[in-house]
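Working through the structure, step by step
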Amino acid sequence: MKQVKARVSWIDNAKFFAIACVVLGHSFSLIKGNFNGYDEINLFIVAFNMPLFALLSGVTSFQALSKISSFSDLLIYFNKITWHIGVPTIVYTLIAMAIGYGMQMRWDRCTISAILLIIVCASVYLIRFSKYSSKLKKIVHYFPYCLLPVCLLNQSVWYFVYVILSFFAAAISAFISNKSEKYKRFIYCILFAIISLLIAPISPFFSTVELYFPFVIGYLFASYKGLSEVSNKTGMQLTIAVILLVIGVFTFIKYYSISNQFYLLNLNQAFMNGQMDIFALRQISAISLSVTFVIIIQFLSKSYNLISTVGAMTFGIYPIHSELIVIAKRGRGLLIGYNVVWLKLIIVIFIALLLLSVSVIFVTVIRKTDFTKLLFLGE
């Protein structure tokens, strides 16, 4: 019950919607053969699902960022991020490496990855949960930073790497902008844009730039009380949602293709190829669709329920279902002989629900101890 009171229903409902779309999109990869309509469905999901996560990150991070007023506060925030996001990132990265190399029968690298995973887990237990933890307080501040280079080099769990880099950039921007009495938000947005651009080459798919606008929109939404008043007016909500949905769908239709998604055409490539119009359309579509779904979900969210509870597990569901799909692909996919689109779609939805359910079970088990919660969920 404590968790329900501490969380906001529409935010966790939006997270559920986003992760459900991610799992559904990934489930298509388990189907062999032709699947008419797959590209359109998957590309539409890609158009908004990660931007929606970024927008929600902007909303939920505002309170913590607004409290960074000193260099000490900044270091405390960095330490919190590295422990609660960095440690699970390195754990899932090493698990992905061990599974990946094992499936390739590269047993030397698989063994090294497994040994490194054991060392990391043992180190976390020693530093945070053993009887020696009180004597190792200084190491608590530095340990996660030693692990981050592995994440940057491998990036198996790319979205977690983006979140770490983006939160670091946001924290530095907030630290500087919070010192200003006037134009605080403007200074924050400019600094965040500059830092995001500077670190983009080391972020997966230039994601700190790709997802900059959704994150900032979420931050601004949380910071302006006037927007909260607007979001509570049903008529205005639905009007804005319809307008943004039309804009989002129209711009998506204008640019959508496999080669134009940000995984294959990042900002740098778009600039070098003279395709900045694709980048601009992608941003407009992502922002419009993300805000549309937020408005609709906020309107429909009346209370904290089962969907909200599963949405709160997103941090664990994302990497767990990804690893399950990697393992399932070892079976070379599910061959469906019937060339019936609606039947294939039903099967894909069933697979997605199965993956989601198994991931939720894993997360529930992981939450049984404080040690595993920190390792895998950052809690």
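A quick note: this is a predicted structure, and the numbers were derived from the prediction, not measured.

On to the overall build of the protein chain. A count of helical and extended segments in the protein chain gives 18 helices and two strands. Surface summary for the protein chain: the accessible area is close to 19100 Å², and the carbon and sulfur share equals 69%.

A few words now on the side chain of S207. Mapped onto the secondary structure, S207 falls in helix α9 (residues 207-210). Not counting chain neighbours up to four residues away, the residues in contact with S207 comprise W158, Y162 and Y212.

In this model, helix α12 (residues 234-255) (22 residues) spans 32 Å end to end at C-alpha, consistent with the 32 Å of a helix rising 1.5 Å per residue. Burial in α12 covers these residues: Q237, A241, L244, G248, T251, F252 and Y255. The buried residues of α12 occupy one face: seen down the axis, they fall within an arc of 110°. Across α12 from its buried face, at more than 90 degrees, point the exposed residues V242, V246, F250, I253 and K254.

Before going further, it helps to examine the confidence of the model for the protein chain. Chain-level pLDDT for the protein chain is 86 on average; 90% of the residues reach the 70-or-more range. When mean pLDDT is taken per element in the protein chain, helix α8 (residues 184-199) scores highest with 95 and helix α1 (residues 2-6) scores lowest with 48. With pLDDT under 50 throughout, residues 1-5 is counted as low confidence; its partners more than four residues away or in other chains account for three contacts.

Together, Y183, F186, I190, I194 and L198 line one region of the surface with nonpolar side chains, adding up to about 600 Å² of accessible area. Positionally, Y183 belongs in the loop between α7 (158-177) and α8.

This paragraph deals with the environment of L375. Relative to the elements of secondary structure, L375 occurs in helix α18 (residues 370-377). Separated by 290 residues in sequence, L375 and I85 have C-alpha atoms that sit 9.3 Å apart.

Bringing the nonpolar core into the picture now. Among the nonpolar cores identified, the biggest contains 94 residues, and L65, V91, Y159, Y188 and Y318 are the most heavily contacted of them. The greatest single-element share of this core, amounting to 14 residues, is contributed by helix α4 (residues 71-103). For V91, the contacting residues outside a window of four places in its chain are L117, V120, L375 and F376. Within the second largest apolar cluster, 17 residues are counted, among which are L43, F48, I278 and F279.

The N-to-C vectors of α7 and helix α16 (residues 314-328) enclose an angle of 140°; their axes lie 10 Å apart at closest approach. Classed by the angle they form, the pair α7 and α16 counts as oblique. Taken together, the residues of α16 that come into contact with α7 (itself represented by W158, Y159 and F160) are F315, Y318 and P319. Classifying every residue of the contact of α7 with α16 by side-chain character gives six nonpolar, no polar and no charged.

So, on to the packing of aromatic side chains. Tallying each qualifying case throughout the model produces 34 aromatic pairs. Relative to F48, the ring of F44 has its centre 5.6 Å away and its plane inclined at 65°; by these criteria the two rings are edge-to-face. Of this pair, F44 and F48 both sit in helix α3 (residues 38-66), four residues apart, which is roughly one turn of that helix. In this structure F44 comes out as partly exposed when scored by relative accessible area, which is 24%. The class of F48 is buried, set by a relative accessible area of 1%. Ring centres of Y188 and F192 lie 5.6 Å apart, and the angle between their planes is 35°; on these two criteria the pair is classed as tilted. Of this pair, Y188 and F192 both sit in helix α8, four residues apart, which is roughly one turn of that helix. Neither residue differs from the other here; Y188 and F192 are each classed as buried. One Lys or Arg, R128, reaches over the ring of W83 and ends 4.7 Å from the middle of that ring.

What follows concerns the pattern of salt bridges. Overall, the coordinates contain three salt bridges when judged by the stated rule. Between E210 and R282 there is a salt bridge, and its shortest N-O distance comes to 2.8 Å. Here E210, found in helix α9, pairs with R282, found in helix α14 (residues 276-300); they are 72 residues apart in sequence, far enough to count as distant. Of the residues examined, E210 reaches a relative accessible area of 5% and is grouped as buried. Since its relative accessible area comes to 5%, R282 is described here as buried. A salt bridge links R367 to E379; the shortest N-O distance between them is 3.0 Å.

What counts and what doesn't
All residue numbers refer to positions counted from 1 along the written sequence of the respective chain. Local features in a predicted model are, by the rule used here, given only for residues with pLDDT of at least 70; side-chain atom pairs are given and counted only at 80 or more, and totals for whole chains, interfaces and linings are based on all residues. Water and hydrogen atoms were dropped before computing side-chain values, which therefore reflect all heavy atoms in the structure. In this text, helices come from DSSP runs of H or I with a minimum length of four residues, and strands from runs of E with a minimum of two, each type numbered from the N-terminal end. Only the protein chains shown count as cover for residues, with accessible areas throughout obtained via the Shrake-Rupley method and a probe of 1.4 Å. Throughout, a residue-residue contact means that at least one pair of heavy atoms, one from each residue, lies within 4.5 Å. Multiplying one less than the number of residues by 1.5 Å gives the expected span of a helix. Burial classification: accessible surface area is computed with a 1.4 Å probe over protein chains only, and a residue below 20% of its type maximum counts as buried, one above 50% as exposed, and the rest as partly exposed. This arc is built from the directions going out from the helix axis to the C-beta atoms. Values of pLDDT, the confidence the predictor places in each residue, fall between 0 and 100. The patches reported here contain residues having more than 30% relative accessible area and no salt bridge. Joining distances are 9 Å for like charges and 5 Å for nonpolar side chains (Val, Leu, Ile, Met, Phe, Trp, Tyr). One speaks of a salt bridge when a side-chain nitrogen belonging to Lys or Arg is within 4 Å of a carboxyl oxygen belonging to Asp or Glu. Put simply, a nonpolar core is a bunch of buried Ala, Val, Leu, Ile, Met, Phe, Trp, Tyr and Cys residues held in one set by side-chain atoms that sit within 4.5 Å of each other. Working convention: axes come from line fits to C-alpha atoms, limited for helices to the stretch in contact. Angles between N-to-C directions cover 0 to 180 degrees. Orientation labels follow simple angle bins: below 35 degrees gives roughly parallel, above 145 gives roughly antiparallel, 65 to 115 gives roughly perpendicular, and whatever is left gives oblique. Ten residues, namely Ala, Val, Leu, Ile, Met, Phe, Trp, Tyr, Cys and Pro, are considered nonpolar, four, namely Asp, Glu, Lys and Arg, are considered charged, and the remaining ones, Gly among them, are considered polar. Only centres within 6.5 Å qualify two rings of Phe, Tyr or Trp (six-membered ring in Trp) as a pair; their planes then separate them into stacked at under 30 degrees, edge-to-face at over 60, and tilted for everything else. When the NZ atom of lysine or the CZ atom of arginine is within 6 Å of a ring's centre and also within 35 degrees of its normal, the charge is said to sit over that ring.

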